[in-house]
Every structure is written in structure tokens, then in C-alpha cells.
Amino acid sequence: MPPSEGCRVPMQSNADPIKARPRLVWAGFIAMCVGMFMAILDVQVVATSLPSIQSALDIDPDQMSWIQTAYLIAEVIAIPLTGFLTRVLTMRWLFVVSLAVFVIASAGCAASISFGQLVAWRVLQGFAGGTLIPSVFSAVFLLFPDNRQALATTIAGVLAVLAPTVGPIVGGWLTESYSWHWLFLINVIPGILAAGVAARSLPRERTSVAPIKGFDAPGLASMATALICLEIGLKEAPTSGWLSLTSGGLFVVASISAAFFIWRSLRIASPLVELRNFEDRNFLIGSALSFVLGIGLFGSVYLMPVFLAFVRGHNSLEIGMTMLVTGIAQLFTAPIAVALEKRMDPRLLSAAGFTLFAVGIGASAFQDPTSDFDAMFWPQVVRGVSIMFCLLPPTRLALGNLSADHVPDASGLFNLMRNLGGAIGIALIDTVIYTRSELLGQKIWNGLEKGNLSVAQFVGVPTAMIAGHNGSFDEQATSTLDPLVQTAATVEALNEAWAMIALITVVAILIIPFARSVASPPNASSNHLERV
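Report follows, based on the coordinates.

Reading the values: the criteria
- Residues numbered from 1 in each chain as written.
- Predicted model: local features only at pLDDT ≥ 70, side-chain atom pairs only at ≥ 80, totals over all residues.
- Heavy atoms only, no water.
- Helix = DSSP H or I, 4+ residues; strand = E, 2+ residues; numbered from the N terminus.
- Rg over C-alpha atoms; globule rule 2.2 N^0.38 Å.
- Buried < 20%, exposed > 50% of the residue type's maximum accessible area, 1.4 Å probe, protein only.
- Contact = heavy atoms within 4.5 Å.
- Areas by Shrake-Rupley, 256 points an atom, 1.4 Å probe, with all protein chains shown as cover.
- Lys, Arg positive; Asp, Glu negative; His and termini not counted.
- Charge placed at Lys NZ, Arg CZ, Asp CG, Glu CD.
- Polar contact = N/O pair within 3.5 Å; in protein donor to acceptor, adjacent residues only side chain to side chain.
- Salt bridge = Lys/Arg side-chain N within 4 Å of Asp/Glu carboxyl O.
- Phe/Tyr/Trp six-rings, centres within 6.5 Å; stacked < 30°, edge-to-face > 60°.
- Core = buried A, V, L, I, M, F, W, Y, C linked by side-chain atoms within 4.5 Å.
- Expected span 1.5 Å × (residues − 1).
- Bend = angle between axes of the 7 residues up to and from the residue.
- Patch = residues over 30% accessible without salt bridge, like charges linked within 9 Å, V, L, I, M, F, W, Y side chains within 5 Å.

## Focus on the overall build of the chain
For step 1, the next point in the chain: When you go through the chain residue by residue, the secondary structure sums to 19 helices and two strands.
For step 2, the next point in the chain: Against the globule reference of 24 Å for 532 residues, the chain gives a C-alpha radius of gyration of 24 Å, in line with a compact fold.
For step 3, the next point in the chain: Projected onto its principal axes, the C-alpha positions of the chain cover 95 × 55 × 45 Å.
For step 4, the next point in the chain: Expressed as a percentage of the 532 residues in the chain, the buried residues total 55%.
For step 5, the next point in the chain: For the chain, the proportion of contacts with a sequence separation of at least 24, taken over those separated by at least 6, is 83%.
For step 6, the next point in the chain: Entry remark: accessible area of the chain is about 22000 Å², with carbon and sulfur atoms responsible for 65%.
For step 7, the next point in the chain: The average position of the 29 basic charges and that of the 33 acidic charges among the side chains of the chain differ by 17 Å.

## With respect to the environment of Gln457
For step 1, the next point in the chain: Within the fold, Gln457 resides in helix H17 (residues 453-459).
For step 2, the next point in the chain: For Gln457, a relative accessible area of 64% gives the class exposed.
For step 3, the next point in the chain: Between the C-alpha atoms of Gln457 and Asp58, which are 399 residues apart in sequence, the distance is 43 Å.

## Overview of the environment of Leu81
For step 1, the next point in the chain: With respect to the secondary-structure elements, Leu81 resides in helix H4 (residues 66-111).
For step 2, the next point in the chain: Relative accessible area serves as the criterion here: at 7%, Leu81 is assigned to the buried category.
For step 3, the next point in the chain: Residues Leu81 and Leu428 lie 347 residues apart in sequence; the distance between their C-alpha atoms is 27 Å.
For step 4, the next point in the chain: Discounting chain neighbours no more than four positions away, the residues touching Leu81 are Phe127, Leu220, Met223 and Leu272.

## Let's talk about the side chain of Gln149
For step 1, the next point in the chain: As for its placement among the helices and strands, Gln149 is situated in helix H6 (residues 146-177).
For step 2, the next point in the chain: According to the relative accessible area criterion, Gln149 is buried, its value standing at 1%.
For step 3, the next point in the chain: At 3.0 Å, the side chain of Gln149 forms a polar contact with the backbone oxygen of Phe144.

## A few points about the pattern of salt bridges
For step 1, the next point in the chain: Counted under the stated rule, the structure contains 10 salt bridges.
For step 2, the next point in the chain: Asp42 is paired through a salt bridge with Arg122; the nearest N and O atoms lie 2.4 Å apart. Linking Asp42 in helix H2 (residues 22-47) with Arg122 in helix H5 (residues 115-143), this pair joins segments that are 80 residues apart in sequence.
For step 3, the next point in the chain: Overall, Asp42 belongs to the buried group, its relative accessible area being 1%.
For step 4, the next point in the chain: Judged by relative accessible area, Arg122 falls into the buried class, the value being 0%.

## Section: the packing of aromatic side chains
For step 1, the next point in the chain: In total, this model carries 13 aromatic pairs according to the counting rule given.
For step 2, the next point in the chain: Where Phe29 meets Phe144, the ring centres are 5.2 Å apart and the plane angle is 85°; that geometry is what we call edge-to-face. Of this pair, Phe29 sits in helix H2 while Phe144 is found in the loop between H5 and H6, placing the two residues 115 residues apart along the sequence.
For step 3, the next point in the chain: Judged by its relative accessible area of 0%, Phe29 is buried.

## Brief notes about the nonpolar core
For step 1, the next point in the chain: Grouped together as the largest cluster of nonpolar side chains are 89 residues, with contacts concentrated most on Phe29, Ile53 and Phe184.
For step 2, the next point in the chain: A total of 19 residues in this core trace back to one element, the largest contributor, which is H4.
For step 3, the next point in the chain: Each residue touching Phe29, except ones within four places of it in the same chain, is listed here: Val136, Ala139, Val140, Phe144, Ala152, Ile155, Ala156 and Leu202.
For step 4, the next point in the chain: The next biggest cluster of nonpolar side chains, apart from the first, holds 38 residues, and it includes Ala497, Trp498, Ala508 and Ile509.

## Here we look at helix H10 (residues 217-240)
For an α-helix the count is 3.6 residues per turn, leaving residues at separations of three or four pointing the same way.
For step 1, the next point in the chain: Taking 1.5 Å per residue, 24 residues should reach 34 Å; H10 reaches 33 Å between its end C-alpha atoms and fits that length.
For step 2, the next point in the chain: Along H10, the sharpest kink reaches roughly 30°, centred on Leu234 and followed within four residues by the proline Pro238.
For step 3, the next point in the chain: Capping the start of H10 is the job of one residue whose side-chain oxygen sits 3.1 Å from the backbone nitrogen of Gly219: Asp216.
For step 4, the next point in the chain: Positioned one or two residues after H10, Gly241 has a phi angle of 105°, which is positive.

## Examining unusual backbone geometry
For step 1, the next point in the chain: Positive phi outside glycine occurs at Asp58, with the angle close to 55°.
For step 2, the next point in the chain: If you trace the backbone, Asp58 turns up in the loop between helix H3 (50-57) and H4.
For step 3, the next point in the chain: The class for Asp58 is exposed, based on a relative accessible area of 70%.
For step 4, the next point in the chain: Even without a glycine there, the phi angle at Thr90 is positive, about 80°.
For step 5, the next point in the chain: Mapped onto the fold, Thr90 is located in helix H4.
For step 6, the next point in the chain: For Thr90, a relative accessible area of 3% corresponds to the buried category.

## Examining the side chain of Asp216
For step 1, the next point in the chain: Along the chain, the position of Asp216 falls in the loop between helix H9 (210-213) and H10.
For step 2, the next point in the chain: Residue class for Asp216 comes out buried when judged on its relative accessible area of 3%.
For step 3, the next point in the chain: Only 3.1 Å separates the side chain of Asp216 from the backbone nitrogen of Gly219, close enough to count as a polar contact.
For step 4, the next point in the chain: Contact partners of Asp216, with chain neighbours within four places excluded, come to Arg264, Ile268 and Leu272.

## Quick look at a nonpolar patch on the surface
For step 1, the next point in the chain: Among the surface-exposed residues, Trp173, Tyr178, Trp182 and Leu185 lie close enough to one another that they form a single nonpolar patch of about 430 Å² accessible area.
For step 2, the next point in the chain: With respect to the element layout, Leu185 can be found in helix H7 (residues 182-185).

Rendered as C-alpha cells:
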């Protein structure tokens with residue numbers, strides 16, 4: 001019986017899908033990338049427009065952050081489940097179903113008339129979106145032969161990193177031109193089209209109920225508890241304190257739950273998430289690099305809007321236009337990264353990429369209250385040039401030597417590490433801002449009271465007002481200087497946060513030499529997909 005009549009043809013190698021139907025496979029992969037782009041973009045467009053949503057739904061300011069937190073918690077639970085869901089639904093149906101749920105949840109968010117409704121839909125939207133990201137990086141190694149994987153990874157990587165860059169522009173434009181509802185409605189039409197193309201184009205496989213029979217419910221409960229407590233603890237720690245009763249208690253519960261999950265996953269035959277992938281040295285090192293990249297990526301996308309909004313007073317659209325430099329530099333560098341990735345050792349490229357990334361981040365640690373587009377241009381260019389070298393080679397390092405049946409689980413863990421890095425990085429940044437701003441403000445006051453002209457120049461105080469001064473200022477001078485000092489203290493705290501991230505990135509470079517060389521993926525029996 002020919003394939004068109006329903007028989008299943010085993011695929012003998014990971015080159016088979018692309019050789020048999022190259023255009024269809026590429027179309028399906030591009031559709032998957034569109035879904036991933038939507039999921040990542042959604043976080044950023046909503047973040048820039050939270051005040052508009054708060055005003056429209058009359059949300060308490062203390063509760064507003066839960067619109068984002070609910071999405072991120074659901075997403076971080078879904079990401080490591082991608083391997084299990086792929087085994088049950090197959091890659092094709094997991095993507096199609098997840099994107100369909102994401103579209104429905106997006107429409108539900110737009111139709112919400114209360115805070116409770118919006119949060120409920122955001123949880124569903126986040127869970128569906130969480131499976132879309134690792135599915136794409138799994139597809140790179142499951143659909144394409146070795147000579148096409150660099151290009152596929154680049155397409156996915158560009159879109160994954162471009163989404164946070166253009167998010168503020170899209171969010172600001174939609175909110176100012178239309179309404180907050182369109183932050184979610186923009187997902188509907190592209191989502192329907194991408195799901196349809198994926199259903200038609202991706203290789204068809206046999207679904208299996210076998211994984212469900214051995215479903216590890218205690219493992220799921222412990223994993224979810226650990227991730228939920230960790231995310232909420234990281235959210236609360238910067239303001240309530242890392243060792244406060246709330247944050248400390250959440251971290252203790254997270255640690256106990258994580259320990260139980262790890263113990264159980266390593267003991268049972270069919271774990272929910274295959275943690276044994278970390279026994280592969282390259283996967284462990286690649287995941288560590290993914291974690292550090294998450295700190296740098298999420299941290300820089302967080303720090304720049306804070307500076308541009310609170311120090312420079314720019315709106316969402318202006319912030320987005322400034323941050324677009326990184327995305328443009330990344331797009332120009334992508335073809336070079338693809339060419340070099342095919343010819344050079346991924347360890348060397350990773351080292352070069354993270355070195356440049358550290359330089360680009362560190363260059364932003366010297367801003368002053370007058371810094372704007374010009375001062376931010378070259379640090380953004382350096383970061384944009386480096387990003388593809390921080391994404392492509394570590395992905396090859398982590399997943400390139402794994403067998404096809406391990407890739408879905410490994411991809412979920414690899415992407416989870418990047419998200420966890422982002423969550424921890426933002427918590428560390430907030431901690432620096434909250435704890436250091438007051439101390440730095442007092443240091444600036446001390447400098448001004450001693451007539452330090454370099455401090456006055458940094459703050460933006462006329463030198464005539466400070467020259468020769470010694471001692472406290474009168475009430476009028478204090479009221480004039482106070483807002484300038486507060487702004488300068490914030491800038492110095494942000495600079496310290498940039499320096500901290502740069503230092504973490506430099507430390508990550510030290511682990512790269514311990515990785516083994518990456519062999520070309522085997523062609524025979526490396527893909528277990530079966531196509532109708």
C-alpha cells in the first residue's frame with residue numbers, strides 16, 4: 001500500500017525527512033519557529049503594557065505582577081515536560097495541540113473582564129507556550145541532517161532572541177494605537193496559520209499510550225512544587241529578603257521537593273524527565289552555558305528598559321527603538337555564525353561568543369544619568385554580534401551527540417536552564433537595585449558635601465554649586481539636589497548589576513575547556529520518526 005493510503009514508512013536516518021520532502025519539512029519547521037516566537041514575544045509585549053491592563057481591569061498594584069508570574073510559572077513547569085509529551089503525542093501533534101491551546105488562551109485573555117479570569121487564562125497560555133520553545137530545538141536534531149542543523153538552529157535562535165528585543169516596540173505600539181486586548185489578539189491569526197501548516201508539513205509519527213501507563217504522578221507533583229516555590233521565592237526575595245520567612249520557607253520547600261524529584265527520577269525505569277542526560281559531560285556543560293546565557297539575555301532585556309524608563313523617561317515605543325540595535329546586529333551576524341559553526345570547534349566558538357558577550361555586558365556598567373542611545377549603541381552591537389555564538393555552539397555541544405530518543409527530554413532541560421537562569425538573574429538584579437541604591441545614594445551625598453567635583457559631574461550638578469563646598473547643604477539646596485542624587489544612585493546600582501552579570505559570564509568561560517569534542521551526529525538509526 002502506498003504512503004498516501006495510510007501505511008507507515010520507517011525513517012532510517014535523520015536525513016530522511018529533509019531528503020524526502022525538503023520544502024514541506026522546512027515549512028513545518030518555520031511554522032514551529034513562528035509558534036515559538038509568539039510564545040516568547042507574548043511575555044515582553046504584556047510586560048510593557050501592564051499599567052494599561054491594570055487600569056482597564058482595576059487591578060490592585062500589588063497583584064499586577066501576577067499577570068506575568070502566572071505565565072512564567074506555568075511555562076517553567078511545561079518546559080521539562082516536553083520530552084514526556086512528545087513521547088505520548090509525537091512532535092507534530094504536541095506542537096499543533098499546544099499552539100491551538102495557546103491561541104484559545106490568548107483569545108480568553110483578550111476577553112477577560114476580571115483579574116481572576118485573566119490570570120487563569122495566562123496559566124493555560126503559559127503552559128501551552130512552554131512546550132513550544134523546546135519542541136523547536138528538538139526538531140532541529142530530529143528533522144535535519146548534520147549539514148542543515150546549523151542553519152535551522154540559527155533560524156530558531158534568531159527568532160528566540162529577537163522576540164524580547166522587538167517586544168517593547170510591538171507592545172507599546174499596540175497599546176498606544178489600539179488597546180491592551182490586541183496584545184493577545186495578535187496571536188490568533190498567525191497561530192491558526194502556523195498550526196495548519198505544521199499539521200500538514202511535519203512528519204507524521206505513531207502516537208503511543210505506553211508512557212501514560214507508567215506516568216509518574218509523584219514526580220510531576222514534586223517537580224511542579226519545586227519550580228513553583230522557586231519562581232515565587234525568586235519573585236519575593238529582592239523585596240522581602242532572601243532569608244525572610246516567606247522567601248526562605250519557599251526555598252526550603254523547593255529544595256526538599258527538588259531533592260525528592262531527583263531521587264525518584266534516578267530510581268524509576270521511566271521517569272517523567274530523563275535527568276540521566278546530565279551524565280553526558282557535554283550536555284552538562286552546554287546546559288550550564290544555557291543557564292548563564294539566560295542570566296545575560298533576560299538580565300540585559302530587563303536592565304535596559306529600567307534605565308531608559310526611570311532614568312531617561314522614555315516611553316515603551318522609544319525604549320523598543322533603542323533596544324532594536326541588538327536585534328539588528330544579531331541578524332547581520334547570523335549568516336557568519338552559521339558558516340563558522342560548520343567549520344570550527346563549538347568549544348572555541350562558545351568561548352569567543354561568551355567572551356564578547358561579557359565585554360558587551362561589561363561595557364554597559366559605565367553609564368551615567370545622561371547616557372542614552374549613543375552611549376548604548378556599541379555595547380548593544382557587541383552583545384548582538386555575540387549572541388548567536390552563545391546560542392549555536394552550546395546547543396550543538398549539549399544536544400549534538402545525543403541519540404534521537406534522548407533529544408526531546410534533553411531539549412526541555414536545556415531550555416529550562418536558560419529560563420531558570422533568567423529568573424535567578426532578574427532576582428539578583430532586583431536585589432542589587434533594592435539593597436545598593438540607598439547606600440550608593442549616601443555615598444554620593446558624602447561626595448557632594450566634601451565638594452568632590454567628579455561626583456558632581458556624574459550627578460549633573462553645576463560645578464559652581466559644589467566647588468569649594470564643605471559640609472551639609474541648606475534645605476533649598478537639598479531639595480534641589482535630592483532627585484538628582486536619587487537618579488544617580490539608581491544608575492550606579494544598575495551599573496553594579498551590569499558588572500555582576502559580566503563577571504558571571506566570564507566565570508562561565510572557564511568551564512568550556514572541560515567539554516569534549518563534538519562528533520558528527522550518526523546517520524544510521526538516529527531518528528525514530530515514522531512518516532505516513
